[in-house]
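# What the coordinates show
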Amino acid sequence: MKYFNLFSDILITKGINRILISDLQRNNSELQSLELYNIIEEFKSHAIEEVLTFYDEESQEIVQEYLNFLLEKEYGFITEKDWDKNFAPLAPEFREASKISNIFMERADLLLSPQLLQSIANLGIKHLVIYCDAALPLTSFVDLESSFSNSCVESIEIFSHYHPEVDQDFIKALHEKSARIYSLIFYNCENPPVEPSDIFKFNLVFSDQSLRLNSCGKVDFKYFDTNLMKVLEALNHNSCLNKKIGIDKDGNIKNCPAMPQRFGNINDIALEDAIKHEEFKAYWNLTKNDILVCRDCEFRNVCTDCRAFTERTHTNQSGLDISKPLKCGYDPSTNVWEDWSTNPLKQKAIEYYGLK
Amino acid sequence: MILIISRKQETTTNEVIKWLLALVKKFIRVDEDEEFEIRAKEKRIYIESHRNCFYIDDISSVWYRRGGIRFKKIQYDNPAVDVHMQEHQHWLQDYVIKKLESKKHVNKQSTSAVNKLMVLEQAKKVGLDVPEFYLAEDTAEVVLDKTITKPLTGNITINNYQDYAESIMYTNIVEHKEKDSFFITFFQEKIEKDFEIRSFYLNGDFYSTAIMSQNDEQTKTDFRKYNLQKPNRNVRYRLPAKIEKKTHQLMLLLDVNCGSIDFIKSGDKFYFLEVNTVGQFLGVSAMCNYTAEKAIAEYL
Ligand code: SF4
Ligand code: SF4
C-alpha cells in the first residue's frame, strides 16, 4: 500500500466553495476546489489504493490527476507501508521577542525626537512605516536613515508627497545612502522620474493618486502575502494590529493612526508606558476566526484584518468591533470580487469615516 | 549574569540577545576586540577590558558562540623574570577560563572547535552509521561517482581567492581520476539519500529538520547549494529515539552541548555526517518555527 504525506508547511484554508493552498516555504498561495480538499482529507486517513476504491472508474482518474498535481507541486510525497510519522506537524505558535514590532506614524516631517528614538529601541521595534503629507528634501531621508544606524530597526517604509526635486539624482543618492529604507512611495506624481525597470535597493512606487492616511486597509488579491511568520501571526493574533503601535499627526498614541482610541500623547507619555494601558492590546488577539464573513473566507490566513475601517455592523461582548473590513469587496459565498466603494450596504460606514 | 563570548555583528548572537531582553535576563557580551586583564579585589577576582568589567563569581552561565576571551600579555625586560611571569600569567588565565567553563554553559571555548575526523571516529564508536571514509593523496583507490570529497576545516569559505571575494567549498562527487597526487584529502563513500536531516542540538534536545532536496539535481550532494527557483522543503522531523540517544552520547563525548548535526536518511538508515558548532542554524530553525534562539536564551 502507498500513502500520501502532505508536507507540514502546506497550509490549507477551507472557504465556503473552495480552498486556498498556501505554500509557507515557497511563499505562494493558490485557489483550488473543495473536491481536492476532500481527497486530501481522505489521503490523511486512508492508503492511496483505498481512497481510489471510494470512487467509480471515471472519478478514479480524477483522483489520480489530483494526486499527480499534489506531487508535481511538491505539496507532499508518497511512502510505502505507512505514512512517515517522523514528519512532525508544524507548531502553530507565533513567537516574537519584541514588545512592539511595528510602528506606524503619520507625521509632518521625518524628524524623530531623541525620546522617541529611545522608545523605539526600548520596545525593540523592527519595522517602521511613516506617512508624511509633505514634500521632503533628500536630507530628511538621509537623516532618518542615519538616526537608525546601529539600531534594532530593520526596515523603513515611507509614503510622501511627490515634488519636482525628486528626480533621478535624488533617487540615486538615496540608493547610495539607504540601508533600512526598503519601500518608498511618492504619491501625487504624474510623471515618474525613473524607468519602472530601474532597480534600486528599495521598492520604489510613483503613484498618480492622492494617497491619504485613510487609503490604508484596502483588501485586494494582490496584497495577500504568503509568508510563514505573517501566517503564524494571523493564526494567533490580529494580522494588522498585533504588536503594532501608531502615532497620529497630532502625536496621539493609538493602535494605528487611523484607529479612534487614544492612549495618551507622545508629548506627555512614553510609548513604553502608553502600551501598559489595559485596552492597548485589546485587538491583538482578535483573529479572523472572530470576524464576520472573514471567518468563512479562504483568504483569512493571508489577509490583513483592518480594524480602523470596518462595516460597523457588529461588536462582541467585550465591545470589540468584529465586522468585516470595510475596504474588502470580496464575498466568500459567491467568490466574486466587487468594488467595495460602490456597494450600497457600505455607504453608511463610508460616510461615517468620511471616505467619500 | 550571563556571559556571551562572540564576535561583533554576529547575527545568531543578536537574535539570542533579543530574547534575553524579552525574558529580562541580564547579560554581558564580549567581542573579539577586547583584551582582558585579570585583577583582584577583596579576595574576588574580576576581569576587565576597555568595555567590560565583571567578577568571575557573578557569572551564572556562559554562552561561547565565537571568538574567545583574550588576555593582555604583560612582558618583562629581565628574561628570567619574564619566563616566570609568562607561566604565572598562563596559569591565571587557565584558571579564569576553567572557572568560567565550569559554570552552566552553551558550548565552551576549549572544546567548541571539533576535529571532523575524530568526530567521525567517535560517531562510529557510539554506534552511529557513518559512511566509510579515508584520507588519500591520489585518486587510485577512489571509486568514481560513488565517492565525495569535502573540506576538513571548520570554515568552508575561502576569502579573496582568485577573482572572488568569498568562495564556498561544497561537498562534491568525485567524477574523474586525477593524474597527479595532491595534498592529503578527505574522501567519503557517497550515500544515496532519501533526504538530509539537520538537527539543532541543545543540551540533549533535538530540533530536527528534514531537508527535502531529492527532486533536484542542483542540491543533490549538498543542500547549501541553494536553488532559488524551487527552494528545498525544510520541514519538521523527529529522529528515531535510538538515533537521538546515540547522538546525544556522541555530543557528551565531544563535550559540545550545542550545534547543528547533519544526517542522511537512506532507506532505514540514518547516516551521521558531521557536527557544526559555529554555523548559522537560525534559518533552518525558523522555517520549522522552532525558534532555536529562544531555546538558547531560555537555557542560559
Ligand atoms: S488597522 Fe487598517 S488603517 Fe490601521 S494600519 Fe491596519 S489596515 Fe491600516
Ligand atoms: S472576506 Fe475577509 S478574509 Fe476574505 S478577503 Fe475579505 S477581508 Fe479578507
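Residues numbered from 1 in each chain as written. Chains lettered and ligands numbered in written order. Predicted model: local features only at pLDDT ≥ 70, side-chain atom pairs only at ≥ 80, totals over all residues. Heavy atoms only, no water.

### Some words on the overall build of chain A
Operational definition: Helix and strand definitions follow DSSP, with helices as H or I runs of at least four residues and strands as E runs of at least two, each counted in order from the N terminus. Exposure is judged per residue with a 1.4 Å probe applied to protein chains only, and the accessible area is read against the type maximum: over 50% gives exposed, under 20% gives buried, and values in between give partly exposed. Contact between two residues is taken to exist if any of their heavy atoms lie within 4.5 Å; hydrogens are not considered. Methods summary: accessible areas were calculated by the Shrake-Rupley approach with a probe of 1.4 Å, and residue burial reflects only the protein chains presented. Residues counted as positive are Lys and Arg, residues counted as negative are Asp and Glu, and His and the chain ends are not counted. A single reference atom marks each charge: NZ on Lys, CZ on Arg, CG on Asp, CD on Glu.
Tallying secondary structure elements over chain A gives nine helices and 14 strands in all. With the principal axes as the frame, chain A shows a C-alpha extent of 70 × 50 × 40 Å. With 356 residues in all, chain A has 50% of them scored as buried. Counting only contacts in chain A whose residues sit at least 6 apart along the sequence, the fraction spanning at least 24 positions is 65%. Accessible area of chain A: about 17,600 Å², with a carbon and sulfur share of 48%. Chain A carries 37 positive and 55 negative side-chain charges, and their two centres are separated by 6 Å.

### Examining the sheet that holds strand S5 (residues 53-55) of chain B
Each strand in a sheet pairs with its neighbour through backbone hydrogen bonds, running either in the same direction (parallel) or in the opposite one (antiparallel). Residue and element names in this part refer to chain B. Selection criterion: At least two bridges found by DSSP between two strands is the condition for calling them paired. Note on definitions: angles span 0 to 180 degrees between N-to-C directions of axes, and those axes are lines fitted to C-alpha atoms, for helices only across the stretch in contact.
Reading across the sheet, the three strands line up as S3-S4-S5 and stay open at both edges, with antiparallel pairing between neighbours. Edge positions in the sheet fall to strand S3 (37-41) and S5, since each of these pairs with one other strand and no more. Within this sheet the neighbouring strands show an average axis-to-axis angle of 30°, counted without direction. Where S3 meets strand S4 (residues 44-48), five bridges bridge the pair, whose relative direction is antiparallel. Each residue of the ladder has a partner; that of alanine 40, found in S4, is isoleucine 45.

### Focus: the pairing of strand S7 (residues 127-135) of chain A
All names here are of chain A. Put simply, the rule is: For a crossover, the right-handed case is the one in which the path from the first strand over the helix to the second runs clockwise, viewed with the strands pointing away from the viewer.
Inspection of the sheet shows strand S6 (residues 102-107) paired to S7 by six bridges, in the parallel sense. Following the sheet pairing, methionine 105 is matched in S7 by isoleucine 130. The parallel pair S6 and S7, bridged by helix H4 (residues 114-123), forms a crossover whose chirality is right-handed. Tracing the backbone out of S7, into helix H5 (residues 138-147) and back to the parallel element strand S8 (residues 155-161) gives a crossover that is right-handed.

### Points about the site of ligand 1
As a reminder, the rule being used: If even one non-hydrogen atom of a residue comes within 4 Å of a molecule or strand, that residue is called near it. In this classification, Asp, Glu, Lys and Arg are treated as charged, Ala, Val, Leu, Ile, Met, Phe, Trp, Tyr, Cys and Pro as nonpolar, and every other residue, Gly included, as polar.
Looking at ligand 1, the residues that line it are Phe104, Cys216, Gly217, Cys240, Leu241, Lys244, Cys256, Ala258, Cys306, Arg307, Ala308 and Phe309 of chain A. Split into classes, the residues belonging to the shell around ligand 1 amount to nine nonpolar, one polar and two charged.

### Comments concerning a negative patch on the surface
Residue and element names in this part refer to chain A. Filter applied, for reference: Patches here: salt-bridge-free residues with over 30% relative accessible area, like charges joined within 9 Å, nonpolar side chains (Val, Leu, Ile, Met, Phe, Trp, Tyr) joined within 5 Å. In the sections that follow, a salt bridge refers to a side-chain nitrogen of Lys or Arg positioned within 4 Å of a carboxyl oxygen of Asp or Glu.
On the surface, a cluster of negative charge is made up of Asp56, Glu57, Glu58, Glu61 and Glu65. By the secondary structure assignment, glutamate 58 is in helix H3 (residues 57-72). Classification of glutamate 58 as exposed rests on a relative accessible area of 68%.

### With respect to the packing of helix H1 (residues 34-45) of chain A against H3 of chain A
Residues and elements named next belong to chain A. Counted only if it meets this: Note that the term roughly parallel is reserved for angles under 35 degrees, roughly antiparallel for angles over 145, roughly perpendicular for angles of 65 to 115, and oblique for everything else.
Axis separation between H1 and H3 bottoms out at 11 Å; the angle between their running directions is 80°. By the angle between their axes, H1 is roughly perpendicular relative to H3. On H3, the residues touching Glu35, Leu36, Ile39, Ile40 and Phe43 of H1 are Val63, Tyr66, Leu67, Phe69 and Leu70. A breakdown of the residues in the contact of H1 with H3 according to their chemical character gives nine nonpolar, no polar and one charged.

### Quick look at the site of ligand 2
Every residue close to ligand 2 is listed here: Val219, Phe224, Lys288, Cys294, Cys297, Arg300, Cys303, Lys324, Pro325 and Cys328 of chain A. Grouping the amino acids of the shell around ligand 2 by side-chain chemistry returns seven nonpolar, no polar and three charged.

### Section: the sheet that holds strand S15 (residues 205-212) of chain B
Residues and elements named next belong to chain B. Judged by pairing direction, the sheet is antiparallel, and its five strands sit side by side in the order S16-S15-S14-S17-S18 without closing on themselves. Two strands bound the open sheet, and with one partner strand each, they are strand S16 (233-237) and strand S18 (269-276). Each neighbouring strand pair of the sheet contributes to a mean axis angle of 25°, computed without reference to strand direction. Note that strand S14 (residues 195-202) and S15 share seven bridges and pair antiparallel. Counted as the bridge partner of phenylalanine 200 is tyrosine 207 from S15. Across the sheet, helix H6 (residues 292-299) touches S14, S15 and strand S17 (258-266), and the angle it forms with S14 is around 25°.

### Side note on helix H4 (residues 241-254) of chain B
Residue and element names in this part refer to chain B. Put simply, the rule is: To estimate how far a helix should reach, multiply one less than its number of residues by 1.5 Å. It is the directions from the helix axis to the C-beta atoms whose arc is reported.
Between the first and last C-alpha of H4 there are 20 Å, a value that for 14 residues agrees with the 20 Å anticipated at 1.5 Å per step. What H4 keeps buried is the set Ile243, Thr247, Leu250, Met251 and Leu254. Taken end-on, H4 shows its buried residues confined to a sector of 100°, consistent with a single buried face. Turned more than 90 degrees from where H4 packs its buried face, Ala241, Lys242, Lys245 and Leu252 sit exposed. Check the buried side of H4 and you find it contacts helix H3 (116-125), S14, S15, S17 and S18. Among the residues trailing H4, aspartate 255 stands out with phi positive, at a value near 60°.

### Observations concerning the domain arrangement of chain A
Worth spelling out the cut-off: Domain start and stop positions are those given by an automatic or database domain assignment.
Domain annotation for chain A reports domain 1 (2-86) and domain 2 (94-211 + 244-283). With centres defined by C-alpha atoms, the gap from domain 1 of chain A to domain 2 of chain A works out at 43 Å.

### Things to note about the interface of chain B and chain A
Using the following cut-off: Put simply, buried area is how much 1.4 Å-probe accessible surface two parts lose in total, over both of them, once they are put together. Polar contacts here mean pairs of N or O atoms no more than 3.5 Å apart (in protein, one a potential hydrogen donor and the other a potential acceptor; neighbouring residues in sequence count only if both atoms are side-chain atoms).
Contact with chain B, which involves 24 residues of that partner, is made by 30 residues of chain A. A combined buried area of about 2,200 Å² lies between chain B and chain A, and 49% of that area is made up of carbon and sulfur atoms. If you sort the residues of chain B by the area they bury against chain A, Arg233, Arg236 and Asn289 of chain B come out on top, with a joint share of 33%. There are three salt bridges connecting chain B and chain A. In this assembly, chain B and chain A are joined by 13 residue pairs in polar contact (both at pLDDT 80 or more). Listed by contribution, the elements that provide at least two residues to the side of chain B that touches chain A are helix H1 (11-22), S15, S16 and helix H5 (282-287) of chain B. Take the side of chain B that touches chain A: its biggest share by element is five residues, from S16 of chain B. The class makeup of the residues in the side of chain B that touches chain A is twelve nonpolar, six polar and six charged.

### A look at the pattern of salt bridges
Residues and elements named next belong to chain B. The tally for this structure, following the rule as stated, stands at 40 salt bridges over all chains. The salt bridge involving glutamate 15 is made with lysine 18; its shortest N-O contact spans 3.1 Å. Of this pair, glutamate 15 and lysine 18 both sit in helix H1, separated by three residues, roughly a single helical turn. Of the residues examined, glutamate 15 reaches a relative accessible area of 26% and is grouped as partly exposed. In this structure, a network of salt bridges that share partners links the residues Lys8, Arg29, Asp31, Asp33, Glu34 and Arg51.

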